[in-house]
Amino acid sequence: MVFASPIFLGYFLPLVLGGYYLLPATGPARNRWLLGASYVFYGWWDPRLVPALFALTLATFGLARWLGRADLAENRRRAGLAIGVGLALVVLFVGKYLGFAFDNYDRLAAAWGWSAAPAARWALPLGISFFTFHAISTLVDVHRRQAKPMDSLVDFACYLAFFPQLIAGPILRFGEIAPAYAQRRHSWAQAASGLALFSLGLAKKVLIADTLAPAADLAFGARELDAPAAWFGLVAYGLQLYYDFGGYSDMATGLARLFGFSFPRNFNAPYLAESITDFWRRWHISLGTFLRDYLYIPLGGNRRGAGRTVLNLLIVMVLGGLWHGAAWTFVCWGLWHGVLLAAERLLGGRAWYEDLPRFLRVLATFGLVLLGWVLFRAESLAAAGDYYAALVRFDGTAGAPGRLLGAELFAAPHLLIMVLGLGLMWSRRRAHEWSGQLTRRRTLLCLLLLLLALGVLSTQRSTHFLYFQF
Amino acid sequence: MKARRERKFVLLCLAALVALPLAQWWVDLAAGQAPTGTVLLRRFPTVAHLRVAEADFAAATARNPYARLLAGLPGLAWLRGIEAPVLEGRVVADEPWLFYRPDVRLVSQRRPPGTGERASAAILDWRRQLAEQGIRLVVVVAPLKPALLPDRVARRFAVGGAAWRAPEATAAVARCRTAGVEVVDLPEVFAALPAPAPGEEPWYEPGDTHWSQRGLHVAADAIIETIGWARVPGVYQVREEMVRRPADLERLRGGAPAADDRPKEACLVVAAAPGRAPVTPSAGAEVLLLGDSFCRIFEEGEVTGAGLRSQLAWRLGRPVGLIRQDGGGATLVRQELARHPERLHGVKVVVWEFAERDLLSAETEWAQVELPR
């Protein structure tokens, strides 16, 4: 089930919300209800995966309780942490990377005459990258004594499976969110701000991202591509990705507010970043901070000299790339960002274009990020290479495929939505805060956007969010 | 004041959402059906059942009066024109030229690896089976309109007048020819001809995915040349008729001109010569035509007896049998023939027409069909 679908909006959400507020505010009833709803939400995709999610929940809950014991020796706590984190990583590896590993092994096997890997391949279990990270966050935070383990299995299962963040985040730090499962406040103001943020997110997804998606698909799937079409398609994809994932994060945060939770902001105008370092403070903030706190700093961070810092950055970004998808394109995308971050680190934490005016710094950063998105979007490294070549192909010798592509690509609605998307992106308004201070005009706008989005959704198939594949 | 506004906003938002199922249930109950969604309570939730339920929800939403009301909000129709997966896309080029959007994408977009290979395998297998019964196969590939007329798609992107050929289609045809299949490759035939001058009748109808009478005659001549039979004189005669026909892309786009507003076309209608049997019966024909909607045009509907089957019959001076399925040129017509093998009695040549689209589209099924012996 996806947020941007009539079944979620018309049936699931009102039912869950209605049931939630009919239950007593004190006691475990509301969390139980949310847990049941979350399992239905997850099981809607494939009910067979719910027991697997519950098994991981049970194992993590037990280990966290054990790690939280005050009388446990340090070496046993470390062993418990290693087992728990290892288990989550094994689940992640088997669910997400085993097929990729087999494919690569098969390529080597074909070259060296070895026997082939087992033919077992399966679809990526939805949300696996997120709930395994939540499990790791629990164990690490409890081990570090930054949080106490939860007393209630229902509360913990609800944290791991809470439907607004189950499929595509944001990644919630256990230590920060856990207290809300025991006690949280509800108010009309919070519900209104939640619905406003949800409406904005839905509109971002349905009206902007989904409108630009065909332009990006056309460019990346083209037989013939010249530089204007390639750049147009790339900008369209950059905007689609931002409004799709940013819209999803707004919806998730808005939904959480409806149930009394407060999620941290996951985006902060990332395309206004003035350097790649700045970009990673603004883009998918919950992933960036997770990787920083649970990987980069344990690796030594920047405390062991320049060489080790560069190495740590490369390791973190390559793994971050691999987290996005089991493909070499994602590894290279991570490497691209790792190299750029390392270069900025070696320059003293500043971009090499630091001396340019701010507008040009933003533009340069946007350009570097866009170049990275080619790897992120391309089906293969070869396809990415072809796309990079097209970005500098100004010979204007496009044949019929190129001309027909242009006829569809440079359509007025694409241009208009792109301009709108760029304008909104570079404006100073932030949905997260904007929705928290509702005026009459804002409420009317949100209501109108909700109706418009419902209108679009009612006449087309629901489209999946790009980050569902991760 | 602020608290009241927030409360009102929450309630209005929820009402906007809840109206979706309420309107649906009202329609369902009025039609005497179980409310949409209750199917979930009656079936065990397997993956397959959930996907079916999801499809039911989507289909129900498309009929939902509230959803339709919202869909009519200003500006949305314009937005949906970009990509309308349910309503079907269209490309309006320079009026009156219209193109089917999926056809345009077959030209502009890369095809998956192996495109055309299943087609050539199925063609070779079909030829083998017919040859075993002593029947000759002539394959006819009907051109893809945007590939034949790329400059008509959008004048601002037009830089030349040449037709274009998808390499996957060229390769599939080459594989068939190498294996000895007789192929009337109409995209190749059209590309070799000088383009109609301005003011002359074009090969394809501007508002239709199919050929015009002029294009049809080019196709019929090329097929007859390949069959290579001399004409039996005196069996058929032709007369010119001016007719009005609806155009499929105009209809698909909506707001098609009324039948009376469409221009009349000159059609060569084939009829039996005086004292001869009517054209339509085809039992016992030596030539059997299998094909898709390209075989329907001018043969059924507003004008009859002027389509590909009739034009072949006139040129051959012999009756031509027809098995036709719109959009089913690749597989459905062969399956139909396999269900009625008696249609092959007395047949010496099977002319099998399918659209170039079928060679390129990943959605076209190219099933291996077994002919009963």
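A quick note: this is a predicted structure, and the numbers were derived from the prediction, not measured. (Residues numbered from 1 in each chain as written. Chains lettered and ligands numbered in written order. Predicted model: local features only at pLDDT ≥ 70, side-chain atom pairs only at ≥ 80, totals over all residues. Heavy atoms only, no water.)

Draft legend 1. Region of the structure containing the overall build of chain A. Looking only at helices and strands, one finds 20 helices and 0 strands in chain A. Computed over C-alpha atoms, the radius of gyration of chain A comes to 23 Å, within 12% of the 23 Å expected from 2.2 N^0.38 for 470 residues, which places it in the range of a compact globule. Taken along the three principal axes of its C-alpha coordinates, chain A extends 70 × 60 × 50 Å. A separation threshold of at least 6 residues defines the contact pool for chain A, and within that pool the share at least 24 residues apart is 77%. Put simply, chain A has 42 plus and 26 minus side-chain charges, and the middle of one group is 9 Å from the middle of the other. (Helix = DSSP H or I, 4+ residues; strand = E, 2+ residues; numbered from the N terminus. Rg over C-alpha atoms; globule rule 2.2 N^0.38 Å. Contact = heavy atoms within 4.5 Å. Lys, Arg positive; Asp, Glu negative; His and termini not counted. Charge placed at Lys NZ, Arg CZ, Asp CG, Glu CD.)

Draft legend 2. Examining the nonpolar core more closely. Counting residues in each nonpolar core, the largest one holds 175 residues, and the members touching the most others are F8, F163, L202, F259, F261 and W373 of chain A. For this core, the leading source of residues is helix α9 (residues 188-220) of chain A, giving 19 residues. In this view, F259 of chain A contacts V16, L17, Y20, Y21, L34, F162, F163, R184 and H186 of chain A; residues no more than four positions away in its chain are not counted. Core analysis: the next-biggest nonpolar cluster, separate from the first, contains 89 residues, I223, L288, W314 and V333 of chain B among them. (Core = buried A, V, L, I, M, F, W, Y, C linked by side-chain atoms within 4.5 Å. Buried < 20%, exposed > 50% of the residue type's maximum accessible area, 1.4 Å probe, protein only.)

Draft legend 3. Seen up close, the domain arrangement of chain A. Residue and element names in this part refer to chain A. The domain architecture assigned to chain A consists of domain 1 (26-185) and domain 2 (190-469). Placing the centre of domain 1 and that of domain 2 at their C-alpha centroids yields a distance of 26 Å. Counting residues at the interface gives 32 residues for domain 1, matched by 31 residues for domain 2. The junction of domain 1 with domain 2 conceals about 2,800 Å² of combined surface from both sides, 71% of it contributed by carbon and sulfur atoms. Counting the surface domain 1 buries against domain 2, the share from its top three residues, F100, P170 and I171, is 19%. Put simply, domain 1 and domain 2 have 1 salt bridge between them. The residue R173 makes a salt bridge to D293 at a minimum N-O spacing of 2.7 Å. (Domains from an automatic or database assignment. Buried area = accessible area lost by both parts, 1.4 Å probe. Salt bridge = Lys/Arg side-chain N within 4 Å of Asp/Glu carboxyl O.)

Draft legend 4. Summary view of the pairing of strand β6 (residues 265-272) of chain B. Residues and elements named next belong to chain B. Taking burial as the measure, the 8 residues of β6 include 6 buried ones, the bulk of the element. Here strand β5 (residues 236-243) pairs with β6 via 8 bridges, running antiparallel. By the bridge assignment for β6, M242 is matched with A266. (Pairing = 2+ DSSP bridges.)

Draft legend 5. Unusual backbone geometry, seen in detail. Residues and elements named next belong to chain A. Even without glycine at this site, A269 takes up a positive phi of about 45°. What makes A269 buried here is its relative accessible area of 4%. With a phi angle near 40°, H284 is a residue other than glycine that sits in the positive phi range. By secondary structure assignment, the location of H284 is in the loop between α11 (276-282) and α12 (285-296). We classify H284 as buried; its relative accessible area is 0%.

Draft legend 6. Highlighting the interface of chain A and chain B. Contacts between chain A and chain B engage 61 residues on the former and 68 residues on the latter. For the interface between chain A and chain B, the tally reads 4 salt bridges. The partner of E408 of chain A in a salt bridge is R101 of chain B, and the shortest N-O contact between them spans 2.5 Å. On inspection of chain A and its partner chain B, the count reaches 15 residue pairs in polar contact (both at pLDDT 80 or more). Counting only elements with at least two residues in the side of chain A that touches chain B, the list comes to α1 (6-22), α9, α17 (400-409), α18 (412-425) and α20 (440-457) of chain A. (Polar contact = N/O pair within 3.5 Å; in protein donor to acceptor, adjacent residues only side chain to side chain.)

Draft legend 7. A look at the sheet that holds strand β8 (residues 320-324) of chain B. All names here are of chain B. In spatial order, the strands read β4-β3-β9-β7-β8; together these 5 strands make up an open sheet with parallel pairing. The sheet is open, and its two borders are formed by β4 (182-185) and β8, each paired with just one other strand. The average undirected angle you get between the axes of adjacent strands in this sheet is 20°. Sheet analysis places strand β7 (residues 287-291) next to β8, joined by 5 bridges and oriented parallel. Looking at β8, one finds that G291 is bridged to R324. Packing of helix α7 (residues 117-132) onto the sheet brings it into contact with β3 (136-142), β7 and β9 (349-355), and relative to β3 it is tilted by some 150°. Running at roughly 150° to β4, helix α9 (residues 167-178) makes contact with β3 and β4 of the sheet. (Axes fitted to C-alpha atoms, helices over the stretch in contact; angles between N-to-C directions.)

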